[in-house]
Amino acid sequence: MAAPSPSRTSDWWRDAVIYQVYPRSFADGDGDGTGDLAGVRARLPHLAALGVDAVWFTPWYDSPMVDGGYDVADYRAVDPAFGTLDEAEKLIAEAAALGLRVIVDIVPNHVSDQHAWFREALAAGPGSAARERFHFRPGRGERGELPPNDWPSQFSGSTWTRVPDGEWYLHLFTPEQPDLNWSHPDVRREHEEVLRFWFERGVAGVRVDSAALLTKDPDLRDFTEGVDPHPYIDLDEIHDVYRSWRAVADEYGGVFVGEVWLPDAERFARYLRPDELHTAFNFTFLACPWEPDRLRATIDSTLAEHAPVHAPATWVLCNHDVTRTATRYGRADTAFDFATKRFGTPADLELGTRRARAAALLTLALPGSVYVYQGEELGLPEADIPLDRIQDPMHFRSGGTDPGRDGCRVPLPWEAEAPSYGFGPPPGTEPWLPQPADWARYAVDRQLADPGSMLTLYRTALELRRTERGFGDGPMDWIPAADGVLAFTRDHGLTCVVNLSAEPATLPPHTALLLVSGPMGADGTLPPDTAAWLRA
Ligand code: GLC
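Residues numbered from 1 in each chain as written. Predicted model: local features only at pLDDT ≥ 70, side-chain atom pairs only at ≥ 80, totals over all residues. Heavy atoms only, no water.

Looking now at the site of the ligand. Lining the immediate surroundings of the ligand are 14 residues, of which D67, H110, D209, E259 and D321 lie closest. Within the side chain of R405, an N or O atom sits 3.0 Å from an oxygen atom of the ligand. Taken together, the residues of the shell around the ligand break down into three nonpolar, four polar and seven charged. (Near = heavy atom within 4 Å. Polar contact = N/O pair within 3.5 Å; in protein donor to acceptor, adjacent residues only side chain to side chain. Nonpolar A, V, L, I, M, F, W, Y, C, P; charged D, E, K, R; others polar.)

Next comes the structure, spelled out in structure tokens:
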């Protein structure tokens, strides 16, 4: 298969397919059981052959890994478990040579408690300038024994931790992730320098973690359900930050993708105004159940909310925080919701996989860019992680009820017959998370040899998306279809039909059947939970 072209236009990001690498679990180059940059470099040809345009790396910076690297101790250094800055530079260059752009992940809301600024703040004590870069406050109650406010955490539990001198500091996530004070000029300056640091090393884009949480109510007032504005989600002042960031990105031609979880479409679109972020993840679509009316409504509202700001939509089925698609679509409740994740939720994997295949063709045919999370192209299911191997703080902070996010972070299977399925460590060294015993069937080598595999489907679909006209950015129109069937056309007669009903569906008139996500019915009909690409 030919190497993908780096881009079709300078607006490459408007319709790119972006592959998400979770470096810890992608490939282990040095054999210690943890994925690393050496492993990624060795496996870059897999991504080029898959046919994606860009690769987003979750944080690879120096970190104590309390939250999988989202606790950054130093943005200008690569964590020794992953490699060195020199290797990151080589990786960026090697990816470019294969036509792949690199996107790094910046976590502006918080740093690690091991970051130099936080250590300095702890040592400097109450009232010091160093503490002003964070949110330190005296406690409430007679002896300051109560937290300064009642804010709920993004990870359950308290958002405040008391330090030995009696002050408390704010952390929306774990205590090891103190929140930065975004009213402080140092915080703003430092992040602009970090952006420059990575743009100067050739990255094409930056993913912005927890992008709607940075700015806080100046008085840190209590949270009252239903009272607007929320004291820390989506404050108006945040847009000022992204306007300055955009000016920096524009100097380098860099682009942003924001992690913006907001139910309000109009508030969401504000982040995508022409002088702010270029794109943001479409979590409404990610959370949407596999139901025709809900999906159609979500697609319509997505396009409607992006149109006024001229931003392209993104289509996301999963990432390193949520339940894997094949498992979610095989459950009775096919929506995603952090609040309802529980151990032992039954899933019909055959059904879920059939739907995940159809969903791949659906998302790749929609206008905008598409994210593929590592292992999605292999159809990996969510893995059950034994209790004593779970590492995710979300599990521990839930008091053990939430299984956490490790089930979608299991090291990838590359070779069916090799130890750790070719992930990397020699026999006797276990990967950092255990791999299920029956994953040989998902291994890359086995799927490459199977014309009916998920990997073959993705490779074929991505090649068609690149070579056929009509995909990517541009208009789409719904066409009449039976109940439970979604059908739409793109330019040049391209048509996508997805059958979410329980009955076989008749395909609209066409001159060519470009691709179908599963076997067709003997009578030429499209079976349930199957999608097809046609040329009219
Ligand atoms: C984002 C990341 C998630 C992380 C959190 C805190 O939601 O995707 O993995 O735990 O931010 O940084």
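Further remarks concern the pattern of salt bridges. Opposite charge on two side chains permits pairing when their charged atoms draw close. Under the criterion given, the structure shown has 36 salt bridges. Its salt-bridge partner being D186, residue R133 comes within 3.0 Å of it at the nearest N-O pair. Note that R133 is positioned in the loop between α3 (116–124) and β6 (136–137) and D186 in helix α4 (residues 185–200), a separation of 53 residues in sequence. As far as the burial class goes, R133 and D186 line up, both buried. Of the charged contacts in the structure, one is a salt bridge between E266 and R270, with a shortest N-O distance of 3.1 Å. (Salt bridge = Lys/Arg side-chain N within 4 Å of Asp/Glu carboxyl O. Helix = DSSP H or I, 4+ residues; strand = E, 2+ residues; numbered from the N terminus. Buried < 20%, exposed > 50% of the residue type's maximum accessible area, 1.4 Å probe, protein only.)

Negative phi is the rule for most residues except glycine; trans is the rule for most peptide bonds. P229 follows D228 through a cis peptide bond whose omega is -10°. When you line up the elements, P229 lands in the loop between β9 (205–208) and α5 (238–252). One non-glycine residue, L220, lies in the positive phi region at around 50°. The residue L220 is located in the loop between β9 and α5 in this model. Phi at D234 takes a positive value of approximately 60°, unusual for a residue other than glycine. Within the secondary structure, D234 is located in the loop between β9 and α5. Residue class for D234 comes out buried when judged on its relative accessible area of 8%.

These figures capture arrangement, not role.
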